[in-house]
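Summary of the model geometry
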Amino acid sequence: MFSDIGALELVALVVLAVLVFGPDKLPKVIQDVSRFVKKVRDFSDSAKEDIRSELGPDFKDFEFEDLNPKTYLRKQMEQNEDLRELKELRGSFDLKKEMNDVADAVHGRDGAAAAASAAAPAAVNGSSPDLLKKQDKPDAGERPPYDSDAT
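Procedures and definitions
Residues numbered from 1 in each chain as written. Predicted model: local features only at pLDDT ≥ 70, side-chain atom pairs only at ≥ 80, totals over all residues. Heavy atoms only, no water. Helix = DSSP H or I, 4+ residues; strand = E, 2+ residues; numbered from the N terminus. Buried < 20%, exposed > 50% of the residue type's maximum accessible area, 1.4 Å probe, protein only. Contact = heavy atoms within 4.5 Å. Areas by Shrake-Rupley, 256 points an atom, 1.4 Å probe, with all protein chains shown as cover. pLDDT = per-residue confidence, 0-100. Salt bridge = Lys/Arg side-chain N within 4 Å of Asp/Glu carboxyl O. Expected span 1.5 Å × (residues − 1). Arc of directions from axis to C-beta. Patch = residues over 30% accessible without salt bridge, like charges linked within 9 Å, V, L, I, M, F, W, Y side chains within 5 Å.

**Let's talk about the overall build of the protein**
Scanning the protein from N- to C-terminus turns up five helices and zero strands. Order of helices (α) and strands (β) in the protein, N terminus to C terminus: α-α-α-α-α. A buried classification covers 7% of the 151 residues belonging to the protein. Within the protein, counting contacts between residues at least 6 apart in sequence, those at least 24 apart form 23% of the total. Surface exposure of the protein reaches about 13700 Å², of which carbon and sulfur atoms provide 60%.

**So, the confidence of the model for the protein**
For the protein, mean pLDDT is 77; residues scoring 70 or higher make up 74% of the total. Ranking the elements of the protein by mean pLDDT puts helix H5 (residues 111-125) last, at 51, and helix H1 (residues 7-55) first, at 90.

**Structural notes on the pattern of salt bridges**
For the structure shown, the criterion picks out six salt bridges. The salt bridge involving Asp 42 is made with Lys 38; its shortest N-O contact spans 3.5 Å. In this pair, Asp 42 and Lys 38 both sit in helix H1, four residues apart, roughly one turn of the helix. Notably, a salt bridge pairs Asp 104 with Arg 109, separated by 3.1 Å at the nearest N-O pair. By relative accessible area, which is 37% here, Arg 109 ends up partly exposed.

**Focus on helix H4 (residues 95-107)**
Between its terminal C-alpha atoms H4 stretches 18 Å, which fits the 18 Å expected from 13 residues at 1.5 Å a residue. All buried positions along H4 are accounted for by Asn 100, Ala 103 and Asp 104. Buried residues in H4, looked at end-on, bunch into an arc of 100 degrees, giving them a common side. Residues of H4 that are exposed and angled more than 90 degrees away from the buried face: Leu 95, Val 102, Ala 105 and Val 106.

**Details of a nonpolar patch on the surface**
A cluster of nonpolar side chains, namely Leu 10, Val 11, Leu 13, Val 14, Val 15, Leu 16, Val 18, Leu 19, Val 20 and Phe 21, defines an oily patch on the protein surface of about 910 Å² accessible area. Along the chain, the position of Val 15 falls in helix H1.

**Thoughts on the environment of Val 29**
Residue position: Val 29 is located in helix H1. Since its relative accessible area comes to 21%, Val 29 is described here as partly exposed. For the pair Val 29 and Ala 17, spaced twelve residues apart in sequence, the C-alpha separation works out to 9.4 Å.

If you want it as structure tokens, here you go:
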């Protein structure tokens, strides 16, 4: 309930409550607030039970937290076997290799030359090549690459 309130904020609320209600009325106010919170919780629980009983036996395991789209989707994904297979396929997918292949295709390098050029920088500094690094400027006689989709 108070997971997002820090200790200093809680002390400030207590001091403010003492100033507003006074030390003699504060216990009565705390009792009234706690009774109100208990009544709201009881009302909420009874409303949940009424809704479950009206939905019927098919929805006996229905939780109101499932109405949150994130929770519902996570639960459905865990139960669906096709999605488990998709997760396994996704785990076997090597994104770095695919990105290097795409970068090589964009730069017009073939597979063997691409593997050699990708291995050389990796051997030099012990990491894979930086695909986001800006390319060197072309020589004076060489034309820059042309992208017809970008114009």
